[in-house]
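Working through the structure, step by step
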Amino acid sequence: MIERLLPAYVSCAATREATVADGNLFPEEEELIARSVPKRRNDFATARACARRAMGKLGLEPVAVLHGKRGMPLWPEGIVGTLTHCEGYRAAALARAGDVLSLGIDAEPHAPLPDGVAELVVLPSERERFAGEAGDIHWDRLLFSAKESVFKTWYPLTLTELDFEEADLTFHREAPEGREGDRAGVGSSGRAVEGTFSARLLRTDPAVPPVLEGRWRIEDGIVATALLLRADQREAGAPQSP
């Protein structure tokens, strides 16, 4: 699913399994979650199993994936990457630093946000845009996921926070599987639906263009979003979709 949102030079791996076999983690990784609850251990382990599969596709030997501030994964030199995990889906996306400056992916269950969360995430301008959209998509959850992908792209380049209200997102919905005019959505036919999004950053930093472009997809009860920033995009200052 994530691989459909990113170019071919990004190595992706995903699973819908909730657990992996014992012994999957490196000792350094085990230390990080030694006192974690089972759910946290499973999320950590399955995401890293995906990461190592993605490493293999790039011709890399498997290594431990530790984390820095704000949980940012620490990758081998010359590699950029991102992880995500939610109930029913775990994934990793990796690329060579010569191709990609930064990238972010996120997956969420396709369901409304918990009570009170939307008020913290959705800007008034975004709420107005959603007002006329089709009801078969939980736009609040899609927005949350996309803003998570924005943050995961932003943070490794700036090492500063970016709050939910500091990015104003606009979404475009495409026809399912590229068929123009066919609007049957996830709530009616059960088919996948996808599109693009633009994130206008309300907080600026010279390391990141002021507008970022990404893609989203909803399939089998999962919302997935992805955003990629190539090195030449920052130099040119021109946003471009993955």
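Structure shown above.
Within any chain, residue numbers begin from 1 and follow the written order of that chain's sequence. Residues qualify for local features only when their pLDDT is at least 70, as the model is predicted, and side-chain atom pairs are given and counted only at 80 or more; totals for whole chains, interfaces and linings, by contrast, use all residues. Water and hydrogen atoms were dropped before computing side-chain values, which therefore reflect all heavy atoms in the structure.

Notes on the overall build of the protein
Our working definition: Only runs of H or I of at least four residues qualify as helices and only runs of E of at least two qualify as strands under DSSP, and these elements are numbered from the N terminus. Each residue is placed in one exposure class: buried if its accessible area under a 1.4 Å probe, protein chains only, is under 20% of its type's maximum, exposed if it is over 50%, and partly exposed if it falls in between. In this description, accessible areas are obtained by the Shrake-Rupley approach with a 1.4 Å probe, and a residue is regarded as covered only by the protein chains that are shown.
Each helix and strand counted, the protein has six helices and ten strands in total. Taken across its 242 residues, the protein has 48% of its residues classed as buried. Working note: accessible area of the protein is about 11,300 Å², and carbon and sulfur atoms make up 51% of it.

Re unusual backbone geometry
Not every positive phi belongs to a glycine, and Leu159 is a case in point at roughly 55°. Along the chain, Leu159 falls in the loop between helix 5 (139–158) and strand 7 (167–173). Even without being a glycine, Asp220 presents a positive backbone phi close to 50°. Relative to the assigned elements, Asp220 resides in the loop between strand 9 (211–219) and strand 10 (222–229).

With respect to the pairing of strand 9
The cut-off we apply is this: Strands are labelled as partners when DSSP assigns at least two bridges between them.
Counting buried residues in strand 9 gives seven out of nine residues, a clear majority hidden from the surface. Where strand 8 (residues 193–201) and strand 9 come together, eight bridges link them in antiparallel fashion. Across the sheet, Phe197 pairs through a bridge with Gly214, a residue of strand 9. Between the end of strand 9 and the start of strand 10, which pair antiparallel, lie two residues, with Asp220 showing a positive phi angle near 50°.

Section: the nonpolar core
Test applied: Each nonpolar core is a collection of buried residues, namely Ala, Val, Leu, Ile, Met, Phe, Trp, Tyr and Cys, held together in the definition by side-chain atoms within 4.5 Å. A contact between two residues is defined here by any heavy atoms of the two lying within 4.5 Å.
Val150, Leu169, Phe171, Phe197, Leu201, Leu212 and Trp216 are the most contacted members of the largest nonpolar core, which has 33 residues in total. Secondary-structure elements contributing two or more residues to this core are helix 3 (118–121), helix 5, strand 7, strand 8, strand 9 and strand 10. If you tally residues by element for this core, the top one is helix 5, at nine residues. If we skip the residues at most four places from it in the chain, Leu201 touches Val150, Trp154, Leu162, Glu166, Ala167, Val208, Pro209, Pro210 and Leu212. Grouped together as the second largest cluster of nonpolar side chains are 20 residues, Met1, Leu5, Cys12 and Val100 included.

Comments concerning the environment of Thr15
Counted only if it meets this: We define a polar contact as two N or O atoms separated by no more than 3.5 Å, with the added condition that, inside protein, one atom must be a possible hydrogen donor and the other a possible acceptor, whereas residues neighbouring each other in sequence contribute only through side-chain atom pairs.
Relative to the helices and strands, Thr15 is located in strand 1 (residues 11–15). As a C-alpha pair, Thr15 and Ala49 span 34 residues in sequence and 9.1 Å in three-dimensional space. Aside from chain neighbours lying at most four places away, what touches Thr15 is Cys50, Arg53, Gly88, Tyr89 and Arg90. In terms of polar contacts, Thr15 uses its side chain to reach the backbone amide nitrogen of Glu17, at 3.0 Å.

Notes on the packing of aromatic side chains
Which entries qualify depends on this criterion: Aromatic rings from Phe, Tyr and Trp, with only the six-membered ring used for Trp, were paired whenever their centres fell within 6.5 Å, and each pair was classed as stacked if the ring planes differed by under 30 degrees, edge-to-face if by over 60, and tilted otherwise. Charge over a ring is defined by NZ of Lys or CZ of Arg lying within 6 Å of the ring centre and within 35 degrees of the ring normal.
Under the counting rule described, the total for this entry stands at seven aromatic pairs. Ring geometry for Phe171 and Phe197: centres 5.8 Å apart, planes at 40°, overall tilted. One end of the pair, Phe171, is in strand 7; the other, Phe197, is in strand 8, and 26 residues separate them in sequence. Each member of the pair Phe171 and Phe197 is classed as buried. A network of ring pairs unites the aromatic residues Phe130, Trp139, Phe171, Phe197 and Trp216 as a single cluster. Taking NZ or CZ as reference, Arg48 lies 3.6 Å from the ring centre of Phe44, over its face.

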